Amino acid sequence: MRIKVTSIIAVISIVLYAAAIGTGVIRIITGINERRNIAQREFYDLADIASSAGVLGFMEEPFKDAVRDAVTGSKTIQGVIVTGPFGAEFTFERDNNGIITWEGENPRFQRRFGVSRNPHFAPLRVDGLRNATITAVSNDINYPAFTLVLKQSLLMILAAILLSAVTLLISSITNKKAESLVSDKMQKIYPTPEKAPPLSRSNAAGESHTKEKLDLNLRICSAAEQDLTLILMELSLTAGFGVGDDSIVYRKFIDRALQFFTDQDLIFERGDRGISIILPNSNLDESFAKAKQFHNQILTSLPEIFPHKSDLRIGISARSGRLLGADRLLLEASKALEKTGLEPESPIIAFKSDPEKYRAFVKNHGKK
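Here the structure is a predicted model, which means the values were calculated and not measured.

Visitor: How would you sum up the nonpolar core? Please name residues and give values.
Guide: Ranked by internal contacts, the top residues of the largest apolar core, which has 29 residues, are Ile231, Met233, Phe253, Phe261, Phe294, Phe306 and Leu312. Those elements giving two or more residues to this core turn out to be strand S7 (228-235), helix H6 (246-260), strand S9 (274-280), helix H7 (284-301) and strand S10 (312-318). Per element, the largest residue contribution to this core is seven residues, and it comes from H6. In this view, Phe306 contacts Leu235, Ala239, Phe253, Ile298, Leu299, Asp311 and Leu312; residues no more than four positions away in its chain are not counted. One finds Ala50, Phe63, Val71 and Leu124 within the second-largest nonpolar core, a separate group that totals 23 residues.

Dropping the structure here:
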């Protein structure tokens, strides 16, 4: 009789544990998905407002005020970066929350818990203005609702713990044979999972070294009158879905890149799902062909990670005889990479420099 009562209480405890965890997880995931939908709508509204305000004067005070008001009045948008023809020109963050950081003259969003993993991006539709874009990050978590879910789940877990304690008390007064039978049965039903060994993220160099190495190689190639190409690669959010955690997927991708692009000193991590590759003495056409070959090879060899050609996106830019620094080449390759996100049928895009625009850029840059 005691064994039967113990078993019933144990089942009730397990049900409470499962209900607390399962209900909490479902409510949190549902809340995050709803929040993301709201963020997407608010960002599209923000892009429309910025485009409309840009007609009256791009980067004028009325334009900036319209962007600030739209961000402040939104529920989810945390920070925004507006770029013009020559890079970032205006930034704004909600409540001075420090979501935007600077690397030299280049702003970027900081990674934070609860903030959208990939920034929202859209071109601005302003007549007579090209290459104007708006980028923003949003808060994926409604913290008051999130806190409430955690409190409710905690109460259910505490109830389950209390029942578990009662179960242990009842079990202690049963005979050793009954205790052994119950213990063996529970062990068979709920075996302890083995922990997987820790994995290093990759063998590629850290992201912080990219700009330093790129500047050095640009100077070397300029002195030798050689070309140089920068390739940026990024995995889509759907790449590797169902294969394993992100670290395993990312390491498989990095290993293939290290095998294909043999100079490992010129391969660098980029964000959470990307890499940067420097190819000295290689022009734009040669590098495009090499990137296409790698793209075809990795999609063929790892179909479980890359079921769609847009799961691996590549942006390319080359020195092309110009005297320019790492920031400019990184900006051009980044713009090409961003464009692949807008054109899923073109997973590889190369930035081709415009001589007239480049001369204008050098002239304006020299005045600063």
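Visitor: Account for the side chain of Glu42, with residues named and values stated.
Guide: With respect to the helices and strands, the residue Glu42 is situated in helix H1 (residues 2-55). Among buried charged residues, Glu42 stands out as having no salt bridge; its nearest opposite-charge side chain is Lys75, 6.0 Å away. If near-sequence neighbours (up to four positions away) are discounted, Glu42 is found in contact with Ser74, Lys75, Thr76 and Ile77.

Visitor: So, the pattern of salt bridges: which residues are in play, and what are the values?
Guide: Taken as a whole, this structure holds 13 salt bridges when the rule is applied. The partner of Glu103 in a salt bridge is Arg108, with the nearest N and O atoms 2.7 Å apart. Residue Glu103 is classed as partly exposed on the basis of its relative accessible area, which comes to 45%. Taking the shortest distance from any N to any O, the salt bridge between Arg328 and Glu332 comes out at 3.1 Å. Note that Arg328 and Glu332 are positioned in helix H8 (residues 326-342) at a spacing of four residues, about one turn of the helix.

Visitor: Describe the packing of H6 against H7, listing the residues and the values that go with them.
Guide: Relative placement of two packed helices is described by the angle separating their axes and the distance separating the axes. For the pair H6 and H7, the least separation of the axes is 11 Å and the interaxial angle reads 135°. Our classification of the angle between H6 and H7 gives oblique. The element H6 and its partner H7 pack so that their crossing is right-handed. On H7, the residues touching Phe253, Arg256, Ala257 and Phe260 of H6 are Lys290, Gln293, Phe294, Gln297, Ile298 and Ser301. The class makeup of the residues in the contact of H6 with H7 is five nonpolar, three polar and two charged.

Visitor: Tell me about helix H2 (residues 61-73), and name the residues and values.
Guide: Between its first and last C-alpha, H2 extends 18 Å over 13 residues, near the 18 Å set by a 1.5 Å rise per residue. Of all the residues in H2, the buried ones are Phe63, Lys64, Ala66, Val67, Ala70 and Val71. End-on view of H2: buried residues confined to an arc of 160°, all on one side of the axis. Residues of H2 that are exposed and point more than 90 degrees away from the buried face comprise Pro62, Asp69 and Gly73.

Visitor: Quick rundown of the sheet that holds S10? Include the residues and the values.
Guide: Pairing is mixed across the open sheet formed by five strands, whose spatial order is S8-S9-S7-S10-S11. What marks the edges here is a single partner per strand, and that holds for strand S8 (267-270) and strand S11 (348-351). This sheet shows a mean twist of 20° between the axes of neighbouring strands, independent of strand direction. Sheet topology places S10 next to S11; four bridges connect them, and they run parallel. The residue of S11 that forms the bridge with Ile316 is Ala350. Across the sheet, H6 is in contact with S7, S8, S9 and S10; its angle to S9 comes to roughly 10°. The sheet contacts of H8 involve S7, S8, S10 and S11, and relative to S10 the element is tilted by about 145°.

Visitor: Any chance you could break down the packing of aromatic side chains for me, citing the residues and the numbers?
Guide: Scanning the entire structure with this criterion turns up seven aromatic pairs. Here Phe43 and Tyr44 contribute two aromatic rings whose centre-to-centre distance is 6.4 Å and whose plane-to-plane angle is 50°, an arrangement assigned as tilted. Note on Phe253 and Phe294: the rings are 6.4 Å apart at their centroids and 55° apart in plane angle, and the pair reads as tilted. With Phe253 in helix H6 and Phe294 in helix H7, this residue pair connects regions lying 41 residues apart in the sequence.

Visitor: I'd like a description of the pairing of S7, backed by residues and values.
Guide: Where burial is concerned, most of S7 is hidden: eight out of the eight residues are buried. The alternating pattern of S7 places Leu228, Leu230, Leu232 and Glu234 and Thr229, Ile231, Met233 and Leu235 on opposite faces, both of which are buried. Pairing analysis gives seven bridges linking S7 to S9, with the strands arranged antiparallel. Considered in S9, the bridge of Ile231 is made with Ile277. One ladder, built from seven bridges, connects S7 with S10; its direction is antiparallel. Within S10, the position partnered with Met233 by the bridge is Ile314.

Visitor: Could you give an account of unusual backbone geometry, with specific residues and numbers?
Guide: The phi dihedral of Glu225 is positive, around 55°, even though this residue is not glycine. Taking relative accessible area as the criterion, Glu225 reaches 72% and is therefore assigned exposed. Of note in this structure, Asn281 is not a glycine but carries a positive phi near 55°. One can find Asn281 in the loop between S9 and H7. For Asn281, a relative accessible area of 51% gives the class exposed.

Definitions and cut-offs
- Residues numbered from 1 in each chain as written.
- Predicted model: local features only at pLDDT ≥ 70, side-chain atom pairs only at ≥ 80, totals over all residues.
- Heavy atoms only, no water.
- Core = buried A, V, L, I, M, F, W, Y, C linked by side-chain atoms within 4.5 Å.
- Buried < 20%, exposed > 50% of the residue type's maximum accessible area, 1.4 Å probe, protein only.
- Helix = DSSP H or I, 4+ residues; strand = E, 2+ residues; numbered from the N terminus.
- Contact = heavy atoms within 4.5 Å.
- Lys, Arg positive; Asp, Glu negative; His and termini not counted.
- Salt bridge = Lys/Arg side-chain N within 4 Å of Asp/Glu carboxyl O.
- Axes fitted to C-alpha atoms, helices over the stretch in contact; angles between N-to-C directions.
- Parallel < 35°, antiparallel > 145°, perpendicular 65-115°, else oblique.
- Left-handed = near helix turned anticlockwise from the far one by under 90°.
- Nonpolar A, V, L, I, M, F, W, Y, C, P; charged D, E, K, R; others polar.
- Expected span 1.5 Å × (residues − 1).
- Arc of directions from axis to C-beta.
- Pairing = 2+ DSSP bridges.
- Phe/Tyr/Trp six-rings, centres within 6.5 Å; stacked < 30°, edge-to-face > 60°.

In short, the description is geometric, and any link to function would need to be established separately.
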